[in-house]
Every structure is written in structure tokens, then in C-alpha cells.
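Residue-level listing of the chains:
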Amino acid sequence: FPVTIIHLFKNRSDVLTAIHELLHHLERMMPDNVQDGIRKDWAKQLIAEATRLIGKQESDTSIPDKVKTVRKAFLRAMILAAKQHRHDLALLLWKAANRSQSLAGVLGYQYSSPSEFWAVNAADIMKQRFDAEQAGWIAQARQWLREFIEKVKSLFGLSSKAAVIRGLEPVS
């Protein structure tokens, strides 16, 4: 008799959620050096995004000064957690911030932890690969070039998704 062991998504059109959740499990099987690369890229991109958001809000006159102060403190705390490789603290801060009306949605879900960074970005890349496969060789060439550029950016120390792409290589 058939038994459902796990149900991953609410409706059939939400395939990315299923892929996202499966990628969390695949992450545990990755080699340590690939996991380390993802953690480093997560920290680098979190720091860059939080720094960008701090600068952007300074010139935004629609945000009250008190809210700016609270957001800046949150973003600086996230930067500090990333610099100190405190993934647990970053996740705790992110979850607490998203319970606050003035902080909800300030920093995207992919920055809440290295694991979410991996799952969000890897699911997006897999979807792009699938779409390119369906569209033909020109789209496939474009996708290959996008991924190649990410790897080149990584060689120059720039923010990239190269570690995520390397994590996907065994499942490609």
C-alpha cells in the first residue's frame, strides 16, 4: 500500500520550493571545501548587500530617522556576524528582525544563513538551466556564459555565485 513519506510543496506549480528543500538535504552531502566556499560567498555577499543598503537608506527621505537608526544597527550587526563567521547569530538576528515592522524584508531571505544562500541561489540556477534547456542552444550558450562570468568574478575576488555553481556540478 502506498505511503507518503514527505510532502514538499503545496501545489504542483510551486516546483522551486520542492527543489529548494531538496537542495538543503544535498548540501549535507557536499564536500567540506564546497560548503566552505558557499559560506565565504554568503558572508561576502551579505556584507556587500548590507553595506549597500546602509548607504541607500541615508539618502531616502521617506524613511523616518528612528527607523534608519534601527535598520543601520541591524545591518551592522549582520555584517559583524558574517565577518566573525557566526552563521547561527546571523540567522537569529535575521529571524528577530523579520518579526519587527520596521525591519521586515530589509535584508533578503538568501542572506539569513549560508544554507538559505545555497538553496535560494542553487534553485534559481537550476531553474535557469532547465529553462535554457527547453529554449534551445542559444539560451544554453547564454546560461553557460552567465555561469562562466560568475566563476571569473570569483577569481578576481568579486561577489559571485561560483561556489553555488561548484556545489551544483555533481547534480548537473
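Residues numbered from 1 in each chain as written. Predicted model: local features only at pLDDT ≥ 70, side-chain atom pairs only at ≥ 80, totals over all residues. Heavy atoms only, no water.

Participant: Can you walk me through the overall build of the protein in this structure?
Facilitator: When you go through the protein residue by residue, the secondary structure sums to seven helices and zero strands. Beginning at the N terminus, the succession of helices and strands in the protein can be written as α-α-α-α-α-α-α. Taking the principal axes of the C-alpha coordinates as reference, the protein spans close to 55 × 50 × 35 Å. Looking at the 172 residues of the protein, the share that counts as buried comes to 35%. Looking at the protein alone, contacts between residues at least 24 apart form 61% of all its contacts between residues at least 6 apart. Accessible surface, the protein as shown: approximately 11100 Å² in total, 59% of it carbon and sulfur. Where the 25 positive side-chain charges of the protein centre and where its 18 negative ones centre are 4 Å apart. (Helix = DSSP H or I, 4+ residues; strand = E, 2+ residues; numbered from the N terminus. Buried < 20%, exposed > 50% of the residue type's maximum accessible area, 1.4 Å probe, protein only. Contact = heavy atoms within 4.5 Å. Areas by Shrake-Rupley, 256 points an atom, 1.4 Å probe, with all protein chains shown as cover. Lys, Arg positive; Asp, Glu negative; His and termini not counted. Charge placed at Lys NZ, Arg CZ, Asp CG, Glu CD.)

Participant: Mind showing me how you'd approach the pattern of salt bridges here?
Facilitator: A side chain of one charge can pair with a side chain of the opposite charge when the charged atoms of the two come close. One pass over the full model with this rule turns up seven salt bridges. Residues Lys127 and Asp131 are paired through a salt bridge, measuring 2.7 Å at the closest nitrogen-oxygen approach. Of the two residues, Lys127 and Asp131 are both situated in helix H5 (residues 114–135); the distance of four residues between them amounts to about one turn of the helix. What makes Lys127 partly exposed here is its relative accessible area of 38%. In this structure, Glu147 engages Arg129 in a salt bridge whose closest nitrogen and oxygen atoms are separated by 2.8 Å. Residue Glu147 is located in helix H6 (residues 137–155), and its partner Arg129 is located in helix H5; the two are separated by 18 residues in the primary sequence. The partly exposed category is assigned to Arg129, whose relative accessible area is 22%. (Salt bridge = Lys/Arg side-chain N within 4 Å of Asp/Glu carboxyl O.)

Participant: Help me out: how do you make sense of the packing of aromatic side chains in this one?
Facilitator: Any two aromatic rings considered together are summarised by their centre-to-centre distance and by the angle between their planes. All chains considered together, the criterion is met by two aromatic pairs. Arranged with centres 5.6 Å apart and planes meeting at 55°, the rings of Trp94 and Tyr109 form a pair that is tilted. With Trp94 in helix H4 (residues 87–97) and Tyr109 in the loop between H4 and H5, this pair connects stretches of sequence that are 15 residues apart. Judged by relative accessible area, which is 41%, Tyr109 ranks as partly exposed. For the ring pair Trp144 and Phe148, a centre distance of 5.2 Å and an interplane angle of 10° mean the geometry is stacked. (Phe/Tyr/Trp six-rings, centres within 6.5 Å; stacked < 30°, edge-to-face > 60°.)

Read these as spatial facts, not as claims about activity.
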